[in-house]
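Spelled out from the first residue to the last, the chains are:
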Amino acid sequence: MANVAIIGAGLIGRAWALVYARGGHRVRLWDSQPAQVGQALAFAREVAPGLAQAGLLRGRTVDQLLAALEPAGRMEDALRDADYVQESTPERLDSKRRVYAELDRLAPAGAILASSTSALLPSHFTADLPGRARCLVAHPINPPYLVPAVEIVPAPWTDAAYVERARSLLAEAGQQPIVMRREIDGFVVNRLQGALLHEAFRLVADGYAGVEDVDTCIRDGLALRWAFMGPFETIDLNAPAGVRDYAERYEGMYAGMFESMTRRVPWSGDTLNRVEAQRREHLPADGLAQRQIWRDLRLMELAAHKERLRQGRELP
C-alpha cells in the first residue's frame with residue numbers, strides 16, 4: 001500500500017482519488033479551494049455504489065474505498081509521508097511552476113511527482129527543480145476510474161527508476177499505462193485524437209459528410225473494434241497474412257489520400273457553426289448534462305465487460 005497525495009481535487013483530481021483508493025492505497029486530498037475537497041468526497045460517496053455493483057472496485061467494498069479517502073487541510077498535510085503525488089491543478093504554465101516548486105520542497109525526497117496535465121510538457125515546468133529527476137506526467141483519459149489508459153511522459157531528466165515506479169503503481173491500481181520514451185506536444189492520446197478530429201472537421205467543412213454521419217462512422221464502425229484493439233492490431237487482423245500484408249496491399253491507397261489530409265480547417269467560423277447546429281439538432285444544449293451521465297453509465301458497462309474479459313470470466 002502506498003500513500004498517495006491528490007493535489008487539486010477538482011474534476012480530474014476527484015476521479016484519480018477513486019482510482020488510487022480502489023487500488024488499495026491511502027489517499028489524502030488537498031485543494032487550494034477547500035470546498036473542492038468536500039465535493040470530491042461527496043462525489044466518491046455518490047459513484048462508489050454503482051462501481052461496486054458493476055464489479056469495478058477491484059474486490060473492495062464501498063466502505064473500504066471511502067475509508068481510504070482523507071481530506072487534508074494544508075498541502076503539507078497531504079504530502080506528509082507521500083510515496084506518490086498526483087497533481088491536477090489548472091492548466092497554466094506559471095501556476096504549474098509555482099505548484100511544482102512547492103511540491104518539490106514539501107514532498108518526501110523519494111516521492112514521485114506526477115502531473116495530470118494534458119498539454120504542458122514536463123520539461124517546461126520542472127527544469128529548475130532540485131528534485132526534477134522524480135517529475136513526470138501521468139495524463140489520464142477522463143474519467144480515469146472508467147477509462148484505464150494513462151500516459152506516463154518523462155522529461156529529458158526524469159530518472160527511469162521513477163518512470164518504472166509510476167508504471168508499476170498505476171498498473172497495480174488497474175490502469176493501463178502508456179509509457180512514452182520521450183516527450184512530444186500532445187503526447188500520444190491527443191496526437192491520435194487530433195488527427196481524427198482534423199479529418200472529421202475537414203469532411204464536414206468541405207461538404208463530404210454531415211456531423212452525424214461522421215459520428216456514425218466511428219460509433220457504429222471503427223470504434224467497435226477500437227474498444228478492444230488498437231490500430232496496429234486492427235490492421236494485423238484485417239489482412240490474411242497480417243500487418244505486412246496489410247501495408248503492402250493498402251499503403252498506396254492511404255498515400256493517395258495523404259495530400260488532401262494535410263490541409264488544416266479552422267475549428268471556428270462557418271465550419272464550427274455548422275458542426276454546432278447539427279449537434280444541437282441531435283442534442284439540445286439543455287440535455288448535455290444528462291447525456292454526460294448517460295455516457296459515464298455506458299462507459300461503466302463497457303469497463304465492467306472488459307474487466308470480466310481480463311479476468312477470464314468470458315470467452316475472449
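Heads up: the structure comes first, above all this text.
The residue count restarts for each chain, going from 1 along the sequence in the order it is written. Totals for whole chains, interfaces and linings use all residues, but because this is a predicted model, local features are given only for residues with pLDDT of at least 70 and pairs of side-chain atoms are given and counted only at 80 or more. The basis for every side-chain value is the complete set of heavy atoms in the structure, and neither hydrogens nor water enter the calculation.

Draft legend 1. The overall build of the protein, seen in detail. Under the scheme used here, helices are H or I runs from DSSP no shorter than 4 residues and strands are E runs no shorter than 2 residues, and both carry numbers assigned from the N terminus. Counting its secondary structure elements, the protein contains 13 helices and eight strands. The globule rule used here is 2.2 Å times the number of residues to the 0.38 power, and the radius of gyration it is set against is calculated over C-alpha atoms. Since a compact globule built from 316 residues should have a radius of gyration of about 20 Å, the 21 Å found for the protein is in line with a globular shape. Viewed in the frame of its principal axes, the protein has a C-alpha envelope of about 55 × 45 × 45 Å. Put simply, the protein has 316 residues, and 41% of those count as buried. For every residue, the accessible area (1.4 Å probe, protein chains only) is compared with the maximum for its type, and the residue is labelled buried under 20%, exposed over 50%, or partly exposed between those bounds.

Draft legend 2. Structural view of the sheet that holds strand E1 (residues 3-7). A strand pair is defined by DSSP finding two or more bridges across the two strands. Strand order in this open sheet of eight strands is E3-E2-E1-E4-E5-E6-E7-E8, and the pairing throughout is mixed. Looking along the sheet, the strands with just one partner apiece sit at the ends: strand E3 (69-71) and strand E8 (176-179). Averaged over all adjacent pairs, the angle separating strand axes in this sheet is 25°, with direction ignored. Note: strand E4 (residues 84-87) against strand E5 (residues 112-115), four bridges, orientation parallel. Lines fitted to C-alpha atoms define the axes here, with helix axes fitted over just the stretch in contact, and angles between the N-to-C directions of these axes take values from 0 to 180 degrees.

Draft legend 3. A look at the environment of Ala101. Locating Ala101 in the fold gives a position in helix H5 (residues 93-106). Taking the C-alpha atoms as reference, Ala101 lies 16 Å from Trp30; in sequence the two are 71 residues apart.

Draft legend 4. Local environment of the packing of aromatic side chains. Classification of ring pairs uses Phe, Tyr and Trp, with its six-membered ring standing for Trp, and accepts pairs whose centres are within 6.5 Å; under 30 degrees between planes counts as stacked, over 60 as edge-to-face, and the remaining range as tilted. Considering all chains together, one arrives at six aromatic pairs under this definition. When the centroid spacing of 5.5 Å and the interplanar angle of 55° are considered together, the rings of Tyr20 and Tyr84 count as tilted. Of this pair, Tyr20 sits in helix H1 (residues 11-22) while Tyr84 is found in strand E4, placing the two residues 64 residues apart along the sequence. Summarising the aromatic geometry, the rings of Tyr246 and Tyr250 are spaced 4.7 Å apart at their centres and angled 55° between planes, so their arrangement reads as tilted. With a gap of four residues between them, Tyr246 and Tyr250 both fall in helix H11 (residues 243-258), about one helical turn apart. When its relative accessible area of 30% is taken as the criterion, Tyr250 is described as partly exposed.

Draft legend 5. Looking closely at the pattern of salt bridges. For this analysis, a salt bridge means a side-chain nitrogen from Lys or Arg found within 4 Å of a carboxyl oxygen belonging to Asp or Glu. Per the stated rule, a full pass over the model turns up 19 salt bridges. For Arg26, the salt bridge is made with Glu70, and the minimal N-O distance between the two is 3.5 Å. Placement of the pair is Arg26 in strand E2 (residues 26-30) and Glu70 in strand E3, with a sequence separation of 44 residues. Note that Glu301 and Arg298 form a salt bridge whose closest N and O atoms lie 3.0 Å from each other. Linking Glu301 with Arg298, this pair stays in helix H13 (residues 288-310), spanning three residues, or about one helical turn. One salt-bridge network, held together by shared partners, links Arg74, Glu76, Asp77 and Arg80.

Draft legend 6. Structural context of H5. One less than the number of residues in a helix, times 1.5 Å, gives the span that helix is expected to have. Its 14 residues place the ends of H5 20 Å apart at the C-alpha level, agreeing with the 20 Å of an ideal helix rising 1.5 Å per residue. Those residues of H5 that fall on the buried side of the exposure criterion are Ser95, Lys96, Val99, Tyr100, Leu103 and Asp104. For H5, the angular spread of buried residues about the axis comes to 160°, placing them on one side. Facing away from the buried side of H5 by over 90 degrees, the exposed positions are Arg98 and Arg105. Throughout, the arc means the angular range of directions from the helix axis out to the C-beta atoms.

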